[in-house]
Amino acid sequence: MSESGRPPSRKSDAPAQNGAPGKSPRGPGGGILMGRFFGVPIYVAPSWFLVAALITWVFGDQLDTVLPELGGVRYLVSLFFAVAFYGSVLIHELAHTVAALRFKLPVRRIQLQFFGGVSEIEKESDTPGREFMLAFVGPLLSLVLAGVFFGGMQLVESGTVPGVLLAGLMISNLIVAIFNFLPGLPLDGGRMLRAVVWKISGKAMTGTVAAAWVGRGLALAVLIGLPMLSYARNGDDGGTGFDSLTDALLAAILAAIIWTGAGNSLRMARLRERLPDLRARTLTRRAVPVSSDTPLSEALRRAHEAGARALVVVDGRGDPTALVRESSIVTVPEHRRPWVAVSGLAQDLTPGMRVSAELAGEALLDTLKATPSTEYLVVEPTGEIYGVLATADVEKAFLAAMSRPS
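Residues numbered from 1 in each chain as written. Predicted model: local features only at pLDDT ≥ 70, side-chain atom pairs only at ≥ 80, totals over all residues. Heavy atoms only, no water.

Draft legend 1. The arrangement of unusual backbone geometry in detail. Here the bond from L185 into P186 is cis, since omega is 10°, no more than 30 degrees from zero. With respect to the helices, strands and loops of the structure, P186 is situated in the loop between α4 (161-180) and α5 (188-201). With phi around 50°, F38 is a residue other than glycine that occupies positive phi space. Relative to the helices and strands, F38 resides in the loop between β1 (32-37) and β2 (40-44). Overall, the relative accessible area of 64% leaves F38 in the exposed class. We note that K104 has phi near 60°; this positive angle belongs to a residue other than glycine. (Helix = DSSP H or I, 4+ residues; strand = E, 2+ residues; numbered from the N terminus. Buried < 20%, exposed > 50% of the residue type's maximum accessible area, 1.4 Å probe, protein only.)

Draft legend 2. Broad picture of the nonpolar core. Formed by 27 residues in total, the largest nonpolar core has its most connected members in V312, L323, L368 and L389. Those elements that provide at least two residues to this core are α7 (241-274), α8 (280-283), β6 (310-314), α11 (361-370), β10 (375-379), β11 (385-390) and α12 (391-403). Residue contributions to this core peak at four residues, all from β10. Once you skip the residues sitting within four places of it in the chain, L389 turns out to touch L283, T284, L364, L368, T374, E375, Y376, V378 and V394. (Core = buried A, V, L, I, M, F, W, Y, C linked by side-chain atoms within 4.5 Å. Contact = heavy atoms within 4.5 Å.)

Draft legend 3. Representation of the sheet that holds β6 in the model. Taken in spatial order, the four strands of this open sheet run β5-β6-β7-β8, and their pairing is mixed. The sheet terminates laterally at β5 (287-291) and β8 (346-348), the two strands that pair on one side only. Averaged over neighbouring strand pairs, the angle between their axes works out to 35° when direction is ignored. Its contacts with the sheet place helix α9 (residues 296-306) against β5 and β6, and it is angled at close to 150° to β5. (Pairing = 2+ DSSP bridges. Axes fitted to C-alpha atoms, helices over the stretch in contact; angles between N-to-C directions.)

Draft legend 4. How the structure looks around the packing of aromatic side chains. If you walk through the whole model with that rule in mind, you get seven aromatic pairs. On the numbers, 4.2 Å between centres and 15° between planes, the contact of F59 with F81 is stacked. Here F59, found in helix α1 (residues 46-66), pairs with F81, found in helix α2 (residues 74-102); they are 22 residues apart in sequence, far enough to count as distant. Accessibility expressed as a relative area gives 10% for F59, which makes it buried. Residue classification places F81 among the buried residues on the basis of a relative accessible area of 8%. Centroid distance F132 to F136: 6.0 Å. Interplanar angle 20°. Geometry classified as stacked. Here the residue F132 and the residue F136 both occupy positions in helix α3 (residues 128-153), the gap between them amounting to four residues, near one helical turn. Residue classification places F132 among the partly exposed positions, given a relative accessible area of 29%. Grouped by ring-pair contacts, the aromatic residues W48, F49, F85 and Y86 constitute a single cluster. The ring of W213 has R216 lying over it, and the distance from NZ or CZ to the ring centre is 4.6 Å. (Phe/Tyr/Trp six-rings, centres within 6.5 Å; stacked < 30°, edge-to-face > 60°. Lys NZ or Arg CZ within 6 Å of the ring centre and 35° of its normal.)

In structure tokens form, the structure reads like this:
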């Protein structure tokens, strides 16, 4: 999964993939903040509760056949299993986070959600080796957890609640590992395949395209293959048509997640390839300096004569102090402009509103995102005024770059 304008996040991991009282802190994606790990916030999305309820129900029914003496208590045991399983998914994601931080890649957050978890890593790996290791540690740790739970099974009786729980956790972590080793984006195996193709071809984009199309193939295989396996199994075991329908629905959801994730990976790769075209120097509007008491009509006249499209308010020494907002200019009727000083339409400059003319690509977008504004003062490395950068111009250039044929 990914966020707009950012490199792709780490994928979802699940087997079928992978405050004040009464007021839970919510994250930017609507999740509930559960804590932090090395400063990285951990959220639980509302969809997790739906999946936890589904796991509780399904596992509870399975417990009824293995441990019928539990009665209604089996659902409490099943709920514990659901929480423990997602604890394993969290450990899987923490492995990605530790590796990312080790490679000095910032992690925005970890989120547990429908069908697994996501580690939102904000930067792309700069080498195929790091990309491979960053993807590999997740399913590797799931395999380790499966081994730990298997070892625990040897210490308890198989027909007991601890034995059943440990067996379930061992199997589920094994499935998480195997599933995420599948070589298609957005799964960990897809990122590993991307790294291998990247290493061989020398081009990250080539690796992304290959892994994304394999991911789409996996999505189709899941959509068609899982219902067929379910139908064959239910037919042999005397299962119900409802079971087959449920499995088909889950397969469709899982296939949609994989297909969408693969498509997002392709789009984000194309974006990263075109980001260097976004340069502050080429997008900046020419500006004229005016004093704060200059009438708007006079300031616009000077701008027209100079072929400029922006106004910068300067003090007596010629140092910039504010930017005249374009949105404010258009609200002033023409007959009132001789009587309105530009100071009344200006926004004071803050440190974040000064950007270097040398900025380009992702560095430019990161700078603008850090201090949201409609206009920015663009300066030369020497400190001289170069012009004004309008957010609207950056957005138009961004959309134009994305709409160009591949």
